[in-house]
Amino acid sequence: MTPIELSLTVNGERRALTVPPQRLLLEMLQRDLHLTGTKEGCGVGVCGACTVLMDGRPVSACLVLAAHADGHEVTTIEGLGRDGQRHPVQAAFLEWSAFQCGYCTPGMILAATALLQEHPAPSEEEIREYMSGNICRCTGYMDIIRAIQSCTGGAKR
Ligand code: FES
Ligand code: FES
């Protein structure tokens, strides 16, 4: 199949690359751009481990063709912090130890970031609902929820 040319913004940087037409966004990030922070769990769109932001909205990178990201802005976990500083959601996950193995954590943090952009003061129910597509097999979820609530001043140590 004829390769396709893509031009997109990844973590604030313009990127141009040529990929096979069937290349998934997840593969493009990991293999072509060497951004290995985005994880593959299920590979079929149900675990949320591969969550990245496309134009600020969370998407499962294992379900999106790289071609669909052409012309768009993609943010991965590597691009969330600024000027060497952790993003507040990253800092909150650290503060609350909201992870164990960490495999789900990049996707969790990006989904939580999108949630807080859409709903700056979500209720616990809204957090649970929004984050329901992100599965963690290690933690009990409460620290994840508390970490997200702490970003709104809603949970304190
Ligand atoms: S790896 Fe993409 S949703 Fe599970
Ligand atoms: S911390 Fe291990 S899967 Fe979530």
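Below, the structure is looked at part by part. (Residues numbered from 1 in each chain as written. Chains lettered and ligands numbered in written order. Predicted model: local features only at pLDDT ≥ 70, side-chain atom pairs only at ≥ 80, totals over all residues. Heavy atoms only, no water.)

1. A closer look at the pattern of salt bridges
Now for step 1: Applying the stated criterion across every chain yields a total of 6 salt bridges.
Now for step 2: Residues Arg23 and Asp32 are paired through a salt bridge, measuring 2.9 Å at the closest nitrogen-oxygen approach.
Now for step 3: Relative accessible area serves as the criterion here: at 15%, Arg23 is assigned to the buried category.
Now for step 4: A residue is classified by how much of its surface remains accessible, and Asp32, at 26% relative accessible area, is partly exposed. (Salt bridge = Lys/Arg side-chain N within 4 Å of Asp/Glu carboxyl O. Buried < 20%, exposed > 50% of the residue type's maximum accessible area, 1.4 Å probe, protein only.)

2. A look at helix H5 (residues 142–150)
Now for step 1: Inspection of H5 places Ile144, Ile145, Ala147, Ile148 and Gln149 among the buried residues, and these make up the whole buried set.
Now for step 2: Where the residues of H5 are buried, they touch helix H2 (88–95), helix H3 (105–118) and helix H4 (124–130). (Helix = DSSP H or I, 4+ residues; strand = E, 2+ residues; numbered from the N terminus. Contact = heavy atoms within 4.5 Å.)

3. Topic: the side chain of Gln149
Now for step 1: With respect to the helices and strands, Gln149 occurs in helix H5.
Now for step 2: On the basis of relative accessibility, which here comes to 12%, the residue Gln149 falls in the buried class.
Now for step 3: Setting aside its immediate chain neighbours within four residues, Gln149 contacts Glu124, Ile127, Gly154 and Ala155.

Read these as layout, nothing more, since geometry by itself doesn't imply function.
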